[in-house]
Amino acid sequence: MALNFSQEPPYRYQTRSRTQADAGTVAPAIGPLNPAPPAARKPRAKPAPAKAPGSAKPRARTAKPRVRNASGTSRKPTKRTTNQPQPVPVPKRSSPPPKRPTPGLVASPSASSGPESRSNGDSSEKKSRKTILVAKATWAPSLYHDLLDISGINDFLDEPASGYRRSRRARGRRAHGKWADIPKSPRSFGDLFESVLEVVSCIIDCCSTPGGAGVTRAPTSVRYPEDPDGKALEIFIRATGPSFEAPPEGAAEIRYTEIASAIHVRLESELSGKGEEDLMAGPVSHCEQIFSHQPNRNFVRSLIVTESHVRLVHVDRGGTYLTPPINIHDDPHTFIRLVLGISSASEDVLGIDTSTVDRDGKAVVLDLTKDNAPFCRPEAVGRGTVCWYGTHPDTGKHVLIKDAWRTEDNALEALFLGKARGLDGVVQMLSHEDSCAETKRFAPEHCEPHGFPNRIKSRVVLELYGPSVWFFESRYQLVSAFRDAIAAHGDLLKRQVLHRDISVNNILLRGNSGTHSRSSVLIDLDLAVWAERGVSATKGDGNKGTRMYQSISALRHSDPDNEHPAPPLDYLDDLESFFYVFSHLIFGFSQPGKLFERTRLFMRDWETPIERMSATVKENFLRGPCRAISIPSFYGEACKTLFRAFRDFIKEAAVVKSDLQYADITLEERDRQLKELTDKVDVHYARLDEMFRVALLQIEAEDLRAKSDPTPTVPAPSSVDPRHETQPAPRGLKRLQEEDSVPHKRPRLDL
């Protein structure tokens, strides 16, 4: 695959997936990102001192076996390595993300980063929702048979140097043997760790298929120095190759950008009585980090190994799976195949996206800009949105390539983007690929009666725009951006598309352009729904959208304790979201770039994961006293007047819908009155446009007076704080049901 870089890229990630387009295909490359690493894990209880891996001589053995692998070649064992990475501090929630992130060092996981703590909600539905499914016992033994046939495994096991001893009565059979180097009752974790590392190294050295030039896989032990006793150890499969970043010259640390998989060694006694959630906390944490630093991953697999058993951990965008324990002594064939699978030289076997989609034999190669690192959502399960920056080689235009995993019941974003073609102020799609991969192709089948949903990976190539409205530089720019975004929303509605996820990150600023009349762009249609005359037949879902800005009615759709059905989704819900975004900005910034340290008291619970509470505080905000007096002086009287008018408009609609929900009338009568309200769609958009138009005229007049007044009460619109570019965009509780955690978003990336 051809990739064009003006200079040698600082990373070596690449994805071979290509995007179907009218002009051909697109092949992006990707790079590393550094989300917050998991917190340090507590040391195991009273372990005996562990020998430093590689510091002690291995047990006496005969010559290492030279087993021919699937390629017909043989390999000599290589020396395993030991790394002692420096601890990585966990940033506080309010810390801004780095502008140019660097690959994260491997850090020890903790139970706090496990699946249980990642859940943001406390409703009964979320408490009962399983985050881990146990696969059938037949699944793991069915994997990786093409990596080494049974005769090759038997040849290896028959070699004395393999360390496996068959019992006499079972010689030549599959069971009743033992890995001699793995103690039946280890005296300490250190003894078990050394023996497992020895066996794994021998399997990889002697049985794996060699990769091509520059492709290596090496088991590497890692000791965590943040552990005060220095006894926390893990085994990582360190990798080199096209999709793994080359480590910095002279670096001794190991990074997630160079890890193929992990092997978690545990004592049987340590796991006794532990539930699946506790057992999986560490492995899932590492899998999430690999997903974050290797955005072209479709899935990640790792192993949990004890003195008696092995369990395979499989994590993809659909969910997390765990196999039942497999006895490594009675079933060495499966154990060997699992080790070979998670350390395979084939990137496709590792779960890395290597697909290629061509059309008409043509391929359009994008020049990927290395100045902007790709965006990757850090959580493993969910939409898994990944975005890269690129430049079209023919037009020279900057583009954004976006991958996302949708559930089968969600419509393709490309369908809505196709409807938006030619609309000024709405994101424009250049090309798309509807199905790059599906989780059902590599996840275990039929784990439980209600398994995880199948997710489909789709790709769109979009025009690239400016930063989020969060980075506004003047009052005029802010108000103008909202006026144009609302107008674009109305135009989109005329094409029967309801956005459903209005947020501060989905309104982007656009510089002056002779070809466009609008100053902002509405993006991110992956949660959009079809709507007729502004009303959608899709049932509202408070778990889809950005909680901070969701409407009262949308939140009440998902309230399990609400006995009164909420009104259908309509355009007024999105307009209400526009109002909350506008309020968040003018109450959150004293002036451009100067964010208040604390969120205003009346807005603090807007983002709560409890739907009922968020709806209640927002309704109190609308029904209660007007807060215009609390708007900072920078915005002037024009913005205060606009806020009052905007609030009154939203209050009229939201209060009517709320009252109708609880009114003692029939559903037919309720729907009739709601239709009378939504039939005024054109009047409503015209009314909003007029109030924003008047506000812009007032701002212009105030700015003129400010320039002529030697002691102005309103700062000049060009006064922007120099720290403005370093202020992080809001975190936002987004898509709570689908994704358990949400990253700090960067401008221009949340598409």
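The structure under discussion appears in the preceding block.
Note that the structure is a prediction, hence the values are computed from the model and not measured.

Thresholds applied
Residues numbered from 1 in each chain as written. Predicted model: local features only at pLDDT ≥ 70, side-chain atom pairs only at ≥ 80, totals over all residues. Heavy atoms only, no water. Helix = DSSP H or I, 4+ residues; strand = E, 2+ residues; numbered from the N terminus. Buried < 20%, exposed > 50% of the residue type's maximum accessible area, 1.4 Å probe, protein only. Contact = heavy atoms within 4.5 Å. Areas by Shrake-Rupley, 256 points an atom, 1.4 Å probe, with all protein chains shown as cover. Pairing = 2+ DSSP bridges. Core = buried A, V, L, I, M, F, W, Y, C linked by side-chain atoms within 4.5 Å. Salt bridge = Lys/Arg side-chain N within 4 Å of Asp/Glu carboxyl O. Polar contact = N/O pair within 3.5 Å; in protein donor to acceptor, adjacent residues only side chain to side chain. Axes fitted to C-alpha atoms, helices over the stretch in contact; angles between N-to-C directions. Parallel < 35°, antiparallel > 145°, perpendicular 65-115°, else oblique. Nonpolar A, V, L, I, M, F, W, Y, C, P; charged D, E, K, R; others polar. Phe/Tyr/Trp six-rings, centres within 6.5 Å; stacked < 30°, edge-to-face > 60°.

Once that is clear, we can look at the overall build of the protein chain. Scanning the protein chain for helices and strands turns up 16 helices and 23 strands. Here the protein chain holds 751 residues, and 58% of them are scored as buried. Sequence separation of at least 24 residues holds for 75% of the intrachain contacts in the protein chain that already meet a minimum separation of 6. Of the roughly 30,500 Å² that the protein chain leaves accessible, carbon and sulfur atoms contribute 51%.

A large share of strand β7 (residues 259–265) lies buried, amounting to 7 of its 7 residues. With 4 bridges joining them, strand β6 (residues 233–240) and β7 adopt antiparallel strand pairing. In the strand pairing of β7, arginine 238 is matched with isoleucine 259. Across 3 bridges, β7 lies against strand β8 (residues 299–305) in parallel orientation. Each bridged residue has a counterpart across the sheet, and for valine 265 the counterpart in β8 is valine 305.

Core analysis: the biggest nonpolar cluster contains 65 residues, and Phe482, Leu575, Phe578 and Phe646 have the highest contact counts within it. Among the elements of the structure, α10 (475–494), β19 (507–509), α11 (552–557), α12 (571–588), α13 (611–623), α14 (636–662) and α16 (681–708) are those that each provide at least two residues to this core. If you tally residues by element for this core, the top one is α12, at 11 residues. With sequence-adjacent residues up to four places away left out, phenylalanine 578 is seen in contact with Phe482, Ala485, Ile486, His489, Ile502, Ile507, Leu522 and Phe646.

Mapped onto the fold, glycine 451 is located in the loop between β16 (429–438) and β17 (455–463). For glycine 451 and tyrosine 321, which are 130 residues apart along the polypeptide, the C-alpha to C-alpha distance reads 9.9 Å.

Our focus in this paragraph is the pattern of salt bridges. Applying the stated criterion across every chain, the model contains 35 salt bridges. In this structure, the salt-bridge partner of arginine 623 is aspartate 659, at a minimum N-O distance of 2.9 Å. Residue arginine 623 is located in helix α13, and its partner aspartate 659 is located in helix α14; the two are separated by 36 residues in the primary sequence. A network of salt bridges, in which partner residues are shared, links Arg383, Lys402, Glu413, Asp524 and Asp526.

With that settled, the discussion passes to the side chain of lysine 402. Checked against the element boundaries, lysine 402 lands in strand β15 (residues 398–407). A relative accessible area of 2% places lysine 402 in the buried class. Of the polar contacts made by the side chain of lysine 402, one reaches the side chain of glutamate 413; its length is 2.9 Å.

This next bit is on the packing of helix α4 (residues 189–207) against helix α7 (residues 332–342). One way to put it is that α4 packs onto α7 with a least axis distance of 10 Å and a crossing angle of 75 degrees. As the angle between them shows, α4 and α7 are arranged roughly perpendicular. Where α4 approaches α7, its residues Val199, Val200, Ile203, Ile204 and Cys207 are matched on the opposing element by Phe335, Ile336, Val339 and Leu340. Among the residues making up the contact of α4 with α7, the classes are represented as 9 nonpolar, no polar and no charged.

So, about the environment of aspartate 573. The topology assignment puts aspartate 573 in helix α12. Linking aspartate 573 and glutamine 550, residues 23 residues apart in sequence, is a C-alpha distance of 7.6 Å. Contact partners of aspartate 573, with chain neighbours within four places excluded, come to Ser551, Ser553, Ala554, Pro568 and Lys657. There is a polar contact of 3.0 Å between the side chain of aspartate 573 and the backbone nitrogen of aspartate 570.

Here glutamate 307 shows up in the loop between β8 and β9 (309–316). Residues in contact with glutamate 307, not counting those within four places in the same chain, are Ile182, Pro183, Lys184, Pro186, Leu192, Arg266, Leu267, Glu268, Ile328 and His329.

One non-glycine residue, tyrosine 144, lies in the positive phi region at around 65 degrees. Note that tyrosine 144 resides in the loop between β2 (132–134) and α3 (150–158). The buried category is assigned to tyrosine 144, whose relative accessible area is 9%. In this model, glutamine 496 sits at a positive phi of 70 degrees, which is unusual for a non-glycine residue. Looking at the secondary structure, you find glutamine 496 in the loop between α10 and β18 (497–498). With a relative accessible area of 33%, glutamine 496 lands in the partly exposed category.

Glancing now at the packing of aromatic side chains. One pair of aromatic rings is described through two measures. These are the centre distance and the angle between the planes. Counted by the stated rule, this structure contains 26 aromatic pairs. Judged by centre distance (5.3 Å) and plane angle (85 degrees), the ring pair of tyrosine 321 and phenylalanine 452 falls under edge-to-face. A residue pair is termed long-range when its members are at least 10 positions apart, and tyrosine 321 in strand β10 (residues 320–322) and phenylalanine 452 in the loop between β16 and β17 qualify at 131 residues. A residue is classified by how much of its surface remains accessible, and tyrosine 321, at 6% relative accessible area, is buried. Residue classification places phenylalanine 452 among the partly exposed residues on the basis of a relative accessible area of 21%. Consider the rings of tryptophan 606 and phenylalanine 621, whose centres lie 5.2 Å apart with planes at 75 degrees: the pair is edge-to-face. In this pair, tryptophan 606 is assigned in the loop between β23 (594–595) and α13 and phenylalanine 621 in helix α13, connecting sequence segments 15 residues apart. Neither residue differs from the other here; tryptophan 606 and phenylalanine 621 are each classed as buried. Three or more aromatic residues joined by ring pairs make a cluster, and in this case those are Phe482, Phe579, Tyr580, Phe582, Phe587, Phe602, Trp606, Phe621, Phe643, Phe646 and Phe692.

Consecutive residues of a regular strand have side chains that alternate between opposite faces of the sheet. Counting buried positions over the 9 residues of β17 gives 8, a clear majority of the element. As paired strands, β15 and β17 are joined by 9 bridges and run antiparallel to one another. Directly across from threonine 407, in β17, lies its bridge partner arginine 455.

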